[in-house]
Amino acid sequence: MAAGNHSKVTEFILAGLTETPELQLPFFLFFLGVYVVTVVGNLSMITLIRLSSHLHTPMYYFLSSLSFIDLCYSTVITPKMLLSFVTEKNIISYLECMTQLYFFAFFIISECHILAVMAYDRYVAICKPLLYYVTMSYQVCSWLVVEVYMMGLIGATAHTGCMLRVVFCKDKIVNHYFCDLFPLLELSCSSTYINEVVLLCFSIFNFLVPTLTILGSYVSIIASILRIRSTEGRSKAFSTCTSHILAVTIFYGSAAFVYLQPSNVSSMDQGKVSSVFYTIIVPMLNPLIYSLRNKEVKVALNKIIEKRLSCINEDF
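The paragraphs below set out a description of the structure included in this document.

## Notes on a nonpolar patch on the surface
A cluster of nonpolar side chains, Trp143, Val146, Met150, Leu153 and Ile154, forms an exposed patch at the surface whose accessible area comes to about 480 Å². You can see Met150 is positioned in helix α5 (residues 138-164). Note on Met150: relative accessible area 39%, which makes it partly exposed.

And the structure:
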């Protein structure tokens, strides 16, 4: 045991998503495919926004940050999860586990806040269109993104710092496919009161505040849309929000199911399934949602493809 670990275990065993042998290979191939789509989709979205000058707007600046966050926290979770399908024991060291917990908390908290920032951006665009580029200036957008990552940094440091003081001397099998807060606390043989208080306080702030921001923004947006007389105008205004609404619903719905239910064995098993949605499926869906349902992204993509094809034709 390392002197600073305050723990009787030096490694954990991740139980994984399933112990059924027949499902190991199909799950490995499925989640490998999902991860490849996630990486390609989010990198493509970031690249497309960087290359297309008419996508250099606040909305796409935040979308680029969302894609970066999705790419990162999927990478924190998925590769280690894939190992559980092809190895008899998916062993993770104490240090690796705490590192995974830290970066997972950092990016998941950042995602909560970037979704709230994107909702505020839509509120300003629809409710105060004449002041949009003044209110959402480059400096303001930059500070908002910095604050998003600061929230993630503070939350991750608090959760991981409290976890480092926990004494683990029970069964070292983590009933999950990654090092999450609740499964790790289940293995503690020391008091977890401080951890639970910190978790409650930060959950209220990092989930409730963004949720209220999103709800408040969309209440104002809906009220503003209803005041638009033309059906075409209403449809156009609402269409700019549908992708974000869908992304928020999937992310917050699955996350709430995991963290806002009683902690017992059955709920932990159900939580593993729900966790798949917001840790693995959502990062894959977000670039698809924002590209397939967005005309500006489609136009930008077509222009870049046409430009590349014309360059190839000129070379020949």
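On we go.
## Quick look at the state of the cysteines
Should the sulfur atoms of two cysteines be covalently bonded, the bond is a disulfide. Taken as a whole and assessed by the stated rule, the structure comprises 1 disulfide. A sulfur-sulfur distance of 2.0 Å marks the disulfide that ties Cys97 to Cys179. Where Cys97 bonds to Cys179 through sulfur, the torsion about that S-S bond is close to -125°, and the disulfide is left-handed. A residue pair is termed long-range when its members are at least 10 positions apart, and Cys97 in helix α3 (residues 94-127) and Cys179 in the loop between β3 (173-174) and α6 (181-185) qualify at 82 residues. On the basis of relative accessible area, Cys97 is assigned to the buried category, the value being 0%. Look at Cys179 and you get buried, because its relative accessible area is 0%.

## Some points on the packing of α5 against helix α7 (residues 193-226)
The geometry of α5 relative to α7 is characterised by a closest axis approach of 9 Å and an angle of 165° between their N-to-C directions. Taken together, α5 and α7 sit at an angle that is classed as roughly antiparallel. Note on packing geometry: the crossing formed by α5 with α7 is left-handed. In contact with Met151, Ile154, Gly155, Ala158, His159, Cys162 and Met163 of α5, α7 contributes Ile194, Asn195, Val198, Leu199, Phe202 and Phe205. Considering only residue class, the contact of α5 with α7 consists of 10 nonpolar, 3 polar and no charged.

## Focus on the sheet that holds strand β1 (residues 11-14)
Taken together, 3 strands build an open sheet; the order of strands is β2-β1-β3 and the sheet is mixed. Only two strands of the sheet have a single neighbouring strand rather than two, namely β2 (90-93) and β3. Sheet analysis places β1 next to β2, joined by 4 bridges and oriented antiparallel. Each residue of the ladder has a partner; that of Phe12, found in β2, is Ile92. The strands touched by helix α2 (residues 58-86) within the sheet are β1 and β2, with β2 carrying the most contacts at an inclination of about 140°. Lying over the sheet, α3 contacts β1 and β2, oriented at roughly 85° with respect to β2.

## Focus: the pattern of salt bridges
Counting across every chain of the model gives 2 salt bridges. In this structure, Glu11 and Lys172 form a salt bridge, with 3.3 Å as the shortest nitrogen-oxygen distance. A residue pair is termed long-range when its members are at least 10 positions apart, and Glu11 in strand β1 and Lys172 in the loop between α5 and β3 qualify at 161 residues. Owing to a relative accessible area of 30%, Lys172 belongs among the partly exposed residues under this scheme.

## Focus on the pairing of β1
Where β1 and β3 come together, 2 bridges link them in parallel fashion. The partner of Leu14 across the bridge, within β3, is Val174.

## A closer look at α2
Relative to the 42 Å expected for 29 residues at 1.5 Å per residue, α2 spans 43 Å between its end C-alpha atoms, a close match to the ideal helical length. At Thr75, α2 is bent by approximately 35°, the largest bend along its length, and proline Pro79 sits one to four residues beyond. Burial of α2 is extensive: 23 of the 29 residues sit out of reach of the surface.

Reading guide: rules and limits
- Residues numbered from 1 in each chain as written.
- Predicted model: local features only at pLDDT ≥ 70, side-chain atom pairs only at ≥ 80, totals over all residues.
- Heavy atoms only, no water.
- Patch = residues over 30% accessible without salt bridge, like charges linked within 9 Å, V, L, I, M, F, W, Y side chains within 5 Å.
- Areas by Shrake-Rupley, 256 points an atom, 1.4 Å probe, with all protein chains shown as cover.
- Salt bridge = Lys/Arg side-chain N within 4 Å of Asp/Glu carboxyl O.
- Helix = DSSP H or I, 4+ residues; strand = E, 2+ residues; numbered from the N terminus.
- Buried < 20%, exposed > 50% of the residue type's maximum accessible area, 1.4 Å probe, protein only.
- Disulfide = S-S within 2.5 Å.
- Axes fitted to C-alpha atoms, helices over the stretch in contact; angles between N-to-C directions.
- Parallel < 35°, antiparallel > 145°, perpendicular 65-115°, else oblique.
- Left-handed = near helix turned anticlockwise from the far one by under 90°.
- Contact = heavy atoms within 4.5 Å.
- Nonpolar A, V, L, I, M, F, W, Y, C, P; charged D, E, K, R; others polar.
- Pairing = 2+ DSSP bridges.
- Expected span 1.5 Å × (residues − 1).
- Bend = angle between axes of the 7 residues up to and from the residue.

Remember, this is a structural readout, not a statement about activity or role.
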